[in-house]
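Tertiary structure, described
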Amino acid sequence: MAGILGLGGYVPERVMSNDDWAALVDTTDEWITARTGIKRRRFASDDESTLDMAAAAAELAIKDADLSPADIGEIIVATDTPELYLPDTSSLLQDRLGCGNVPTYDLGGSGCAGFVQALDVARARIQFAPRKVLVVGVELISRLMSWKSRATCVLFGDAAGAVVMGPGEAKAEVLDVVTGTDGSKADILTLRTGGTRHPFSIDAAKTEAHRNIEMHGREVFREAVLRMSSAVTDVLRRIGKSVADVALVVPHQANKRIIDAVRKRLGVAEESVYVNVEEYGNTGSASVPFALWEAHQTGRINAGDLVVLTAFGAGFHWAAAAVQF
Ligand SMILES: CC(C)(COP(=O)(O)OP(=O)(O)OC[C@H]1O[C@@H](n2cnc3c(N)ncnc32)[C@H](O)[C@@H]1OP(=O)(O)O)[C@@H](O)C(=O)NCCC(=O)NCCS
């Protein structure tokens, strides 16, 4: 079975408050707080990059696992905001950490579901060929999003989270993971410019089309609630447990109202759901691993706890993982 051997997380120091956004776009602290529960988020400094953030979280996770980079046998990086267009961030991370010539790959474009999907891939890889797999979720979205579109810019923040998975002495076992995708809902959350259908152009740059995340907010909200709650129910059914057995749900931190709706649908007590969206906003693929790391660091997770991770993202993808500490 694949276990979690170590955890790590990183957020940049710079804090961007709702009032800071209100000074730049037509919004208010009241609107953002009421609709999303977000009060602050962290933004990378000008000399920080996706790779720096990924490396910071990865180094902590490797140390927490009592391992060295040379022990890592494979690397998966989930991100929609890579260091470069080519090559992938995982290649650069392998070199930065000094992991040797182990296989690496990025999982991109699946929005905020990327990390839990990557966890599932890592778990399958370990069962096929036992090895220590570094799984990173990282997002430096502040540099790639539009700073003019109030409908989206206020939602996001930068962060990184990482786990080392493998056979051996584990802090937690990943009991099961469910994942799913509804490609017919691809258009509810998109960034259209930059690919082959709409290549990057001077005209696109002038209108900032290459930074324009188009979101049907209400539909994303509805799908997120439906899919995360059913993914949690499914993964619990598969391991023969119920929500009453769950010590902590760690959901993707997109919006407090989404988290509350999932909690109510599942019938989980408020204290059994980890929430840090107020402090960090939506950090994409970093959201779940960073929240898991923070919950573990701050004593919200204890030995013996059954923890369920769940996420959704552009695609439309969803996933849930049952993790026994
Ligand atoms: C985005 C979201 C908070 C918007 O809330 P909503 O209740 O659906 O609000 P609407 O989109 O209907 O917008 C209501 C009004 O607020 C306005 N508005 C949008 N962003 C605003 C902002 N930052 N400040 C002030 N007003 C804003 C809209 O222009 C609209 O005005 P109008 O009625 O005059 O047209 C909500 O839909 C949501 O959380 N969706 C899920 C998003 C998500 O999780 N995305 C991440 C995916 S990983």
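As the structure is a prediction and not an experimental result, all values here were calculated from the model. (Residues numbered from 1 in each chain as written. Predicted model: local features only at pLDDT ≥ 70, side-chain atom pairs only at ≥ 80, totals over all residues.)

Here's the deal with the site of the ligand
This is how the line gets drawn: Only the C-beta atom, placed from the backbone, is used; a residue is near a molecule or strand if that atom lies within 6 Å of it. Under the DSSP-based scheme used, a helix requires at least four consecutive residues in state H or I and a strand at least two consecutive residues in state E, with every element numbered from the N terminus. Lys, Arg, Asp and Glu make up the charged group, whereas Ala, Val, Leu, Ile, Met, Phe, Trp, Tyr, Cys and Pro make up the nonpolar group; the residues left over, Gly among them, are polar. Reported domain spans reflect what an automatic or database domain assignment gives.
The ligand sits among 23 residues. The nearest are T27, R150, G217, F221 and A254. For the shell around the ligand, the secondary structure elements donating two or more residues are α2 (29-36), α6 (150-153) and α8 (217-238). Taken together, the residues that form the shell around the ligand break down as 13 nonpolar, 7 polar and 3 charged. For the shell around the ligand, the two domains that each supply at least three residues are domain 1 (3-170) and domain 2 (175-324).

What to know about the domain arrangement of the protein chain
It is common to give the size of an interface as the accessible area lost on bringing the parts into contact. We apply this condition: We call two residues in contact when the distance between their C-beta atoms, placed using the backbone, is within 7 Å.
According to the domain assignment, the protein chain contains domain 1 (3-170) and domain 2 (175-324). Between domain 1 and domain 2, the contact holds 46 residues from the first and 43 residues from the second. Where the side of domain 1 that touches domain 2 is concerned, the elements lending two or more residues are β1 (3-10), β3 (40-43), α5 (114-128), β6 (133-139), α6 and β7 (159-166). Looking at the side of domain 1 that touches domain 2 element by element, the count peaks at 7 residues for α5. Its residues placed into classes, the side of domain 1 that touches domain 2 shows 21 nonpolar, 15 polar and 10 charged.

Points about α5
Applied cut-off: By this rule, a helix spans an expected 1.5 Å times one less than how many residues it contains. Residue burial here comes from a neighbour count, namely the number of other C-beta atoms, placed from the backbone, that lie within 10 Å of the residue's own C-beta, with 20 or more meaning buried, 12 or fewer meaning exposed, and in between meaning partly exposed.
Its 15 residues place the ends of α5 21 Å apart at the C-alpha level, agreeing with the 21 Å of an ideal helix rising 1.5 Å per residue. Within the span of α5, buried status applies to G114, F115, V116, Q117, A118, L119, D120, A122, R123 and I126.

Quick look at the sheet that holds strand β12 (residues 306-313)
Note the following rule: Should DSSP find at least two bridges between two strands, the strands are taken to pair. Fitting a line to C-alpha atoms yields each axis, with helices limited to the stretch in contact; the angle taken between N-to-C directions then spans 0 to 180 degrees.
Taking strand neighbours across the sheet as the criterion, the 9 strands line up as β5-β4-β6-β7-β1-β8-β13-β12-β11 in an open arrangement whose pairing is mixed. Looking at strand neighbours, the two that pair on one side only are β5 (104-107) and β11 (248-251), the edges of this open sheet. Strand-to-strand twist of the sheet, defined as the mean angle between neighbouring strand axes without regard to direction, takes the value 25 degrees. Looking at chain direction, β12 and strand β13 (residues 317-324) are connected through 8 bridges and run antiparallel. Note on β13: the bridge partner recorded for V308 is A322.

Let's talk about the pairing of strand β4 (residues 74-78)
Our working rule: Assignment of crossover handedness uses the view with strands pointing away from the viewer, where a clockwise path from the first strand over the helix to the second indicates a right-handed crossover.
Judged by how many residues are buried, β4 sits mostly within the fold: 5 of 5 residues are covered. Sheet analysis places β4 next to β6, joined by 5 bridges and oriented parallel. Its bridge partner being in β6, V77 is matched across the sheet by V136. With respect to chirality, the unit in which β4 leads through helix α4 (residues 89-97) into the neighbouring parallel β5 is right-handed.

Focus on the environment of G168
Among the secondary structure elements, G168 is positioned in the loop between β7 and β8 (172-181). The exposure class assigned to G168 is exposed, which follows from the 10 C-beta atoms found within 10 Å. When the C-alpha atoms of G168 and P82 are compared, they prove to be 31 Å apart, with 86 residues separating the residues in sequence. Other than its neighbours up to four places away in sequence, G168 contacts G3 and L5.

Some points on unusual backbone geometry
Residues L86 and P87 are joined by a peptide bond in cis, for which omega reads -5 degrees. Turning to its location among the elements, P87 is positioned in the loop between β4 and α4. Between G315 and the following residue, F316, the backbone shows a cis peptide bond with an omega angle of 5 degrees. Its location among the elements puts F316 in the loop between β12 and β13. The phi dihedral of D66 is positive, around 60 degrees, even though this residue is not glycine. One can find D66 in the loop between α3 (50-64) and β4. Phi is positive for E208, which is not a glycine, with a value near 60 degrees. When you line up the elements, E208 lands in the loop between α7 (202-207) and β10 (214-215).

Describing the pairing of β5
Looking at chain direction, β4 and β5 are connected through 4 bridges and run parallel. Across the sheet, I75 pairs through a bridge with T104, a residue of β5.

Re the environment of S68
Secondary-structure assignment places S68 in the loop between α3 and β4. Here S68 falls in the exposed class, since 12 other C-beta atoms lie within 10 Å of it. Each C-alpha atom of the pair S68 and G98 lies 9.3 Å from the other, and the pair is 30 residues apart in sequence.

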